[in-house]
Amino acid sequence: MTVPNRVVLPAMDMNLCEDGEIEKGDIDHFVARSAGGTGLIITGCCAVAYPVGCASTKEPGLSEDRFIPGLKALADAVHDTGSKLCVQMTHHGRIARIDTINDRPMLVPSTPEAPRDMSALADNTPAELQRMAAVSGGKAPTYHEATQDDIDWLVRCFAEAAGRVKAAGGDAVEIHCAHGYVLGGFLSRADNKRTDGYGGSLENRARLAVEVIRAVRAEVGDSLAILIRVAGREFGEDDGLTTEEAVAASKLFEAAGADAIHVTGWGRNAFSNFTDGPLPDKVGAYVELAGEVKNAVSIPVITVGRVLPEVGEKAIAEGKADFAAMGRQLLADPDLVNKLAAGTPERVRPCINCYVCVQENFWDDTPLCAVNPALGDETLLPLVRTATPKHVVVVGAGPGGLEVARVATERGHRVTVVDKADRLGGTLWFSSLTTPDNGRLLKWLESETSRLGVDIRLNTEATVSSIKALDADVVVVATGAVRERPSVPGGDLPHVHTGDTLRALMTGAGDTSQVPPFLRTMAKLGKLSGITKRPALIRAVTRKFLPMGKNVVVVGGSLVGLELAEFLAERGRNVTLLEEGQQLGVPMAMPRRWTAVRHAKEHGVVIHRNATVQRITKDHVEFRVGDETLTAPAAMVVVASGVSAQAPLAEALAGVVADVQVVGDAVSVDYIEGAIHTAWKVATAL
């Protein structure tokens, strides 16, 4: 199989099929990425024994001939746009929740010895827990240890499934031997406690996957390329698969007839280390693992795991991989490869690593993307040019305002953006201090609005009279949320900061009138030196010098409070986090939330849930948890609660401008996802 370039779309489940049959939505999704220049398209999990061994009834099936027409339609569509199609073949083993729903025991190499730690679910809302329970019907899993008959059946299922891919005109199959699925379960010591010929030594544990590879090769000959996906390392348990074992297994797979090795990684407990794998939060997380495999085999190696374009280029140039798989990057921007080929990498819309997409898989729904509203519904593109151009005035240059400006301009409207700040980004700029990926999104929005020639006016206050003078047909208010000081004794003390005053200090811009003189001076010096214009420099400098006391109390454990607590703790502060409710990190997507809570604890943040602030003094915060009154020392108090959606300017403009719209946190506090999606909805309807 020859592919047009070295970029691969790895398998990601879109849950758009019906009863195992590929439908138009699934085809549209993959075609958007192949038309965008991606060389090799790998489908999401396709069940070799559908519905047995499935994680979802919405995944494609490969167990009957009735699935071939959908596969053929997909293959033809991908080929028409110049790419190659690889179908991933799976049996989910101990993750096959459809077996549990249908009262079938899950097929495993050995019965699991103990349930996994699920304490992270304490930070899930009741609604989330209900949705997660619903996908398994509230039933507890049962297990069946594979017999020789089961093993023989599995091998036949994979071989026959590959035969159907061949009949449908596919180019390759990928045999999934990782992520806890049945073949990966046999390979890992943590899951395989067998004493027969399929357990014990690595050669024995790899035997089932080797037999599958050989059977598939016998079935399809040289008409399909055979890829095998293996974890270069399993994280979170001492007896998980090691890199040395993964390398040795890869050599066995090559000898059995595999044409390529796709090196992934896996965090063995999704509720504690999902962000170690399969969707890591570290850029280029598995490049070194792929490099170890590549040193041992002579067939091509694919690396995956937050592979940004520059990371993939480097990995290939250094001989650590032959192909770069970019999953979430291609969800965020299906045209990524074409933009790179055109020499315009700055036009690639970045993934911000927020995990909104994968969260939907936890309750068997179609993934969303915080920055790409068209994910899951490619019919929203291309944007339709308007027949009646308007002058659109956007108030606020945060993510919502800039996205309105970008989309409206693309559609042919004339757009003017006004913002009272001295820089673009609003809270997106500030959030990039604690979450650098947000800075990549802001850079892209800046680049796109500049390319499109959007008229942006900073240091410009928006009033009814100034807006009226602009003679707008439409005004879009994107002024963000309102942040209030706590209504408790001491809430107005000078060492108590809201997000607004803290942002003014860190950026050197905004109202610092209520800030103590020393901090005002430091903010001014930072602005004069240029430090406060560069988030990366602020992050670096504050690791060495942070002009605040040693003890900090953060009030509010939602998204902002949790990330800020970790940021300050990393910089040597003794941080106490007070959350009035039970859950922390809402509305972060679940995997990111679980990791953020874990990291905060690892950095020494003292967390109190169900805590109500009673009063603030000059040196401590008094709060109640249940019937107990407690105190925490505080040289600084940061209030990350009391955030509300308000748009007073929109109300004032009623009757002055014919069409007034509100987007982003000014209409509903939903952070970046809410800002981008509400902006898209308004801008595409203008």
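Predicted model only: the values in this text are computed from it and were never measured.

Caption draft 1: Main features of the overall build of the protein chain. Broken down by element type, the protein chain carries 26 helices and 25 strands. The C-alpha atoms of the protein chain give a radius of gyration of 27 Å, which matches the 26 Å a tight globule of 686 residues would have. Oriented by its inertia axes, the alpha-carbon framework of the protein chain measures out at about 75 × 65 × 45 Å. A buried classification covers 57% of the 686 residues belonging to the protein chain. Across the protein chain, the fraction of contacts at a sequence separation of at least 24, relative to all contacts at a separation of at least 6, is 72%. With an accessible surface of roughly 26,600 Å², the protein chain has 52% of that area assigned to carbon and sulfur atoms. Charge centroids of the protein chain, computed over 71 positive and 85 negative side chains, lie 6 Å from each other.

Caption draft 2: Representation of the pairing of strand 22 (residues 628-633) within the structure. By the bridge criterion, 6 bridges tie strand 21 (residues 620-625) to strand 22 in an arrangement that is antiparallel. Among the inter-strand pairings, Arg624 is bridged to a residue of strand 22, identified as Thr629. Hairpin remark: strand 21 followed by strand 22, antiparallel, with 2 residues in the connecting loop; positive phi at Gly626, about 65 degrees.

Caption draft 3: Main features of the pattern of salt bridges. Summed over the entire model, instances satisfying the criterion amount to 39 salt bridges. Taking the shortest distance from any N to any O, the salt bridge between Arg66 and Asp19 comes out at 3.5 Å. A residue pair is termed long-range when its members are at least 10 positions apart, and Arg66 in the loop between strand 2 (40-47) and helix 2 (68-80) and Asp19 in the loop between strand 1 (7-9) and helix 1 (24-35) qualify at 47 residues. Look at Asp19 and you get partly exposed, because its relative accessible area is 49%. Taking the shortest distance from any N to any O, the salt bridge between Arg33 and Glu378 comes out at 2.7 Å.

Caption draft 4: Geometry of the packing of helix 5 (residues 148-168) against helix 8 (residues 207-220). Interhelical geometry of helix 5 versus helix 8 gives an angle of 35 degrees and a closest axis separation of 8 Å. Regarding helix 5 and helix 8, the two cross each other, and that crossing is right-handed. Residue-level contacts link Ile151, Leu154, Val155, Phe158, Ala159, Ala162, Gly163 and Lys166 of helix 5 to Leu208, Glu211, Val212, Ala215, Val216, Glu219 and Val220 of helix 8. Looking at side-chain class alone, the contact of helix 5 with helix 8 contains 11 nonpolar, 1 polar and 3 charged residues.

Caption draft 5: Local environment of the packing of aromatic side chains. One pass over the structure, following the stated rule, counts 6 aromatic pairs. Between the aromatic rings of Phe186 and Tyr198, the centroid separation amounts to 6.3 Å while the plane-to-plane angle is 80 degrees, which identifies the pairing as edge-to-face. Of this pair, Phe186 sits in helix 6 (residues 182-187) while Tyr198 sits in the loop between helix 6 and helix 7 (202-205), and the two are 12 residues apart along the sequence. Each member of the pair, Phe186 together with Tyr198, is buried. A ring pair is formed by Phe362 and Trp594, whose centres lie 5.6 Å apart and whose planes are at 85 degrees; its orientation type is edge-to-face.

Caption draft 6: Focus on empty space enclosed by the protein. In the structure shown here, the tally under the stated rule is 2 cavities of 30 Å³ or more. If you add up the space inside the largest cavity, you get close to 110 Å³. Together, 15 residues line the largest cavity, and Cys351, Cys354, Cys357, Cys369 and Ala370 are the ones closest to its centre. Grouping the amino acids of the lining of the largest cavity by side-chain chemistry returns 13 nonpolar, 1 polar and 1 charged. By volume, the second largest cavity is sized at about 90 Å³. Taken together, 16 residues make up the lining of the second largest cavity; nearest its centre are Met14, Asn15, Asp26, Gly44 and Pro60. Those elements that provide at least two residues to the lining of the second largest cavity are helix 1 and strand 2. For the lining of the second largest cavity, the element with the highest residue contribution is strand 2, accounting for 3 residues. For the lining of the second largest cavity, a count of residues per class yields 9 nonpolar, 3 polar and 4 charged.

Caption draft 7: Main features of the sheet that holds strand 21. With respect to topology, 3 strands assemble into an open sheet ordered 20-21-22, the strand pairing being antiparallel. If you trace the sheet from one side to the other, it starts and ends with strand 20 (611-616) and strand 22, each paired once. Going across the sheet, the axis of each strand differs from the next one's by a mean of 30 degrees, ignoring polarity.

Caption draft 8: How the structure looks around the nonpolar core. If you look at the biggest cluster of nonpolar residues, it comprises 160 residues, and the most contacted ones within it are Met89, Ile175, Val216 and Phe253. By residue number, the principal contributor to this core is helix 5, which donates 10 residues. The contact partners of Ile175, leaving out residues within four places of it in the chain, are Met89, Phe158, Leu183, Val212, Ile213, Val216, Ile226, Leu227, Ile228 and Arg229.

Caption draft 9: Focus on the side chain of Ser432. Within the fold, Ser432 resides in the loop between helix 17 (427-431) and helix 18 (436-451). Leaving out residues up to four positions away in the same chain, Ser432 has contacts with Asn438, Gly439, Pro535 and Arg539.

Caption draft 10: Region of the structure containing unusual backbone geometry. Cis geometry is adopted by the peptide bond preceding Pro51, which originates at Tyr50 and carries an omega value of 0 degrees. Structurally, the position occupied by Pro51 is in the loop between strand 2 and helix 2. Cis rather than trans, the peptide bond between Leu381 and Pro382 has omega equal to 0 degrees. If you trace the backbone, Pro382 turns up in the loop between helix 15 (356-359) and strand 11 (391-395). In the Ramachandran plot, Asp103 falls in the positive-phi region, its phi being about 60 degrees despite a non-glycine side chain. With respect to the helices and strands, Asp103 occurs in the loop between helix 3 (97-101) and strand 4 (106-108). Overall, the relative accessible area of 60% leaves Asp103 in the exposed class.

Caption draft 11: The sheet that holds strand 9 (residues 301-303), seen in detail. Read around the closed barrel, the 8 strands follow the order 1-2-3-6-7-8-9-10; overall the barrel is parallel. For this sheet, the mean inter-axis angle between neighbouring strands, taken without regard to orientation, is 30 degrees. In terms of strand pairing, strand 1 meets strand 2 through 2 bridges, oriented parallel. Looking across to strand 2, one finds that Val8 is bridged to Leu40. In this fold helix 9 (residues 243-256) packs onto strand 6 (172-177), strand 7 (225-235) and strand 8 (260-267), with an angle of close to 165 degrees to the strand it touches most, strand 7.

Caption draft 12: Fine view of the pairing of strand 18 (residues 574-578). Burial analysis of strand 18 places 4 of its 5 residues in the buried class, the great majority of the element. Read from strand 17 (residues 551-555) through helix 23 (residues 559-570) to strand 18, the crossover connection turns out right-handed. Of the strand pairs in this sheet, strand 18 and strand 19 (residues 606-608) are connected by 3 bridges, and their pairing is parallel. Across the sheet, residue Thr576 finds its bridge partner in strand 19, namely Val606. Note that the unit made of strand 18, helix 24 (residues 590-602) and strand 19 has a crossover that is right-handed.

Caption draft 13: Up close: the environment of Ala589. In this structure, Ala589 sits in the loop between strand 18 and helix 24. Ala589 sits 49 residues away from Ala540 along the chain, and the two C-alpha atoms are 27 Å apart.

Caption draft 14: View of the environment of Leu686. With respect to the secondary-structure elements, Leu686 resides in the segment after helix 26 (671-685). With 602 residues separating them along the chain, Leu686 and Lys84 place their C-alpha atoms 38 Å apart. Beyond its immediate chain neighbours, meaning those up to four positions away, Leu686 contacts Thr386, Lys390, Val392, Ala408, Arg411, His413 and Val474.

Cut-offs and rules
Each chain carries its own residue numbering, running from 1 in the written order of its sequence. Local features in a predicted model are, by the rule used here, given only for residues with pLDDT of at least 70; side-chain atom pairs are given and counted only at 80 or more, and totals for whole chains, interfaces and linings are based on all residues. Side-chain descriptors were evaluated using all non-hydrogen atoms of the structure, hydrogens and water having been removed beforehand. Working definition: helices are DSSP H or I runs of at least four residues, strands are E runs of at least two. Numbering for both runs from the N terminus. Here the globule rule reads 2.2 Å times residues to the power 0.38, and the radius of gyration is calculated from C-alpha atoms. We call a residue buried when its accessible area falls under 20% of the maximum for its residue type, exposed when it is over 50%, and partly exposed in between, using a 1.4 Å probe and counting protein chains only. Pairs of residues are marked as contacts when any of their non-hydrogen atoms sit within 4.5 Å. All accessibility values rest on the Shrake-Rupley procedure with a 1.4 Å probe; residue burial counts only the protein chains present in the view. We treat Lys and Arg as the positive residues and Asp and Glu as the negative residues; His and chain ends play no part in the count. Working definition for charges: the position is that of NZ of Lys, CZ of Arg, CG of Asp or CD of Glu. In this description, strands pair whenever DSSP reports at least two bridges between them. For this analysis, a salt bridge means a side-chain nitrogen from Lys or Arg found within 4 Å of a carboxyl oxygen belonging to Asp or Glu. Only the stretch in contact is used when fitting a helix axis, every axis being a line fitted to C-alpha atoms; angles between N-to-C directions are given from 0 to 180 degrees. The crossing is said to be left-handed when, going from far helix to near helix, the turn is anticlockwise and less than a right angle, and right-handed when the turn is clockwise. Here the nonpolar group is Ala, Val, Leu, Ile, Met, Phe, Trp, Tyr, Cys and Pro; Asp, Glu, Lys and Arg are the charged ones; every other residue, Gly included, is treated as polar. Pairing of aromatic rings covers Phe, Tyr and Trp, the last counted by its six-membered ring, and requires centre-to-centre distances within 6.5 Å; plane angles under 30 degrees mean stacked, over 60 mean edge-to-face, and any other angle means tilted. A 1.4 Å probe that fits into a set of points on a 1 Å grid over the protein atoms alone but cannot get out defines a cavity; an open set with protein on both sides within 12 Å along at least five of seven lines defines a pocket, and lining residues are those with an atom within 4 Å of a point. Grid points are joined across faces, edges and corners, and a volume is the space filled by probe spheres set on the points. Among buried residues, the Ala, Val, Leu, Ile, Met, Phe, Trp, Tyr and Cys ones that are joined through side-chain atoms within 4.5 Å form a nonpolar core. When the strands point away from the viewer and the connection leading from the first strand across the helix to the second strand turns clockwise, the crossover is called right-handed.

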